[in-house]
Amino acid sequence: DPEEARSILAEANRYLERSRRSRKDSNDERMNLYISAKLYHRALSVDPSNDATYYNFGMLLNALEKYEVAVAYLTQAIEINPWEKDRTP
């Protein structure tokens, strides 16, 4: 359900923005990043064909230094849309 996924992603992005405004390496920053990651995962369970969500989740995991898992999500984004077709820059 792409519409539900968009709603979940909007909430995930709000938590990401909160994490950016938090003090670096604070509990508040980590909690906002964790909630955002959970929401990205939930969005993928609702719309597993969205390459942008895989990419954004992979980049979030990379920032959290979860490199092996990040690679899996980034690889999936490339497999779904190898040349970024139909995506606005």
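Everything below is about the structure shown above.
A brief report on the enclosed structure follows. (Residues numbered from 1 in each chain as written. Predicted model: local features only at pLDDT ≥ 70, side-chain atom pairs only at ≥ 80, totals over all residues. Heavy atoms only, no water.)

**Remarks on the overall build of the chain**
What counts here: Think of it this way: any DSSP run of H or I at least four residues long counts as a helix, any run of E at least two long counts as a strand, and we number them from the N terminus. When accessible area is computed with a 1.4 Å probe and restricted to protein chains, residues below 20% of their type maximum are described as buried, those above 50% as exposed, and intermediate ones as partly exposed. Here, two residues are considered to be in contact whenever any of their heavy atoms come within 4.5 Å of each other. Methods summary: accessible areas were calculated by the Shrake-Rupley approach with a probe of 1.4 Å, and residue burial reflects only the protein chains presented. Charge counting follows a simple rule: Lys and Arg are positive, Asp and Glu are negative, and His as well as the terminal groups are ignored. All charge positions are set by atom: Lys at NZ, Arg at CZ, Asp at CG, Glu at CD.
Within the chain one finds four helices and zero strands. Ordered by position in the sequence, the α and β elements of the chain form the string α-α-α-α. In terms of its C-alpha atoms, the chain occupies a principal-axis envelope of roughly 35 × 30 × 25 Å. Here the chain holds 89 residues, and 34% of them are scored as buried. Contacts in the chain between residues far apart in sequence, at least 24 positions, make up 46% of those at least 6 positions apart. If you sum the accessible surface of the chain, you get close to 6300 Å²; carbon and sulfur atoms cover 51% of it. Within the chain, the 15 negative side-chain charges are centred at a point lying 6 Å from the centre of the 13 positive side-chain charges.

**A few points about the nonpolar core**
Threshold: In this description, a nonpolar core means a group of buried Ala, Val, Leu, Ile, Met, Phe, Trp, Tyr and Cys residues linked to one another through side-chain atoms lying within 4.5 Å.
With 19 residues, the main nonpolar core has Tyr40, Phe57, Leu60 and Tyr73 as its most contacted residues. Of all the secondary structure elements, the ones that give two or more residues to this core are helix 1 (2-21), helix 2 (27-46), helix 3 (51-63) and helix 4 (67-80). Filtering out sequence-adjacent residues up to four positions away, Phe57 remains in contact with Ala37, Tyr40, His41, Leu44 and Tyr73.

**A look at the layout of surface pockets**
Filter applied, for reference: Residues are said to line a cavity or pocket when one of their atoms sits within 4 Å of a point; the points come from a 1 Å grid over protein atoms alone, cavities being sets where a 1.4 Å probe fits but cannot get out and pockets being open sets with protein on both sides within 12 Å along at least five of seven lines. Grid points are joined across faces, edges and corners, and a volume is the space filled by probe spheres set on the points. Following the grouping adopted for this structure description, the nonpolar residues are Ala, Val, Leu, Ile, Met, Phe, Trp, Tyr, Cys and Pro, the charged ones are Asp, Glu, Lys and Arg, and the polar ones are all others, Gly among them.
Of the pockets and cavities examined, the largest pocket occupies roughly 330 Å³. Every element with two or more residues in the lining of the largest pocket is listed here: helix 1, helix 2 and helix 3. When its residues are assigned to classes, the lining of the largest pocket shows six nonpolar, one polar and six charged.

**Structural notes on the packing of helix 1 against helix 2**
Put simply, the test is: For helices, the fitted line uses only the C-alpha atoms of the stretch in contact; every axis is such a line through C-alpha atoms, and the angle between N-to-C directions lies from 0 to 180 degrees. Here the word oblique covers every angle except those under 35 degrees (roughly parallel), over 145 (roughly antiparallel) and from 65 to 115 (roughly perpendicular). Left-handed describes a crossing whose near helix is turned anticlockwise from the far helix by less than a right angle; the clockwise case is right-handed.
Look at helix 1 against helix 2: their axes get within 8 Å of each other, and the N-to-C directions meet at 165°. Comparing the axis directions of helix 1 and helix 2 gives the class roughly antiparallel. For the crossing formed where helix 1 meets helix 2, the hand is left-handed. Of helix 2, the residues touching helix 1 (which contributes Glu4, Ala5, Ile8, Leu9, Glu11, Ala12, Asn13, Tyr15, Leu16, Arg18 and Ser19) are Glu29, Asn32, Leu33, Ile35, Ser36, Leu39, Tyr40, Arg42, Ala43 and Val46.

By themselves, these are just geometric observations and shouldn't be taken as functional.
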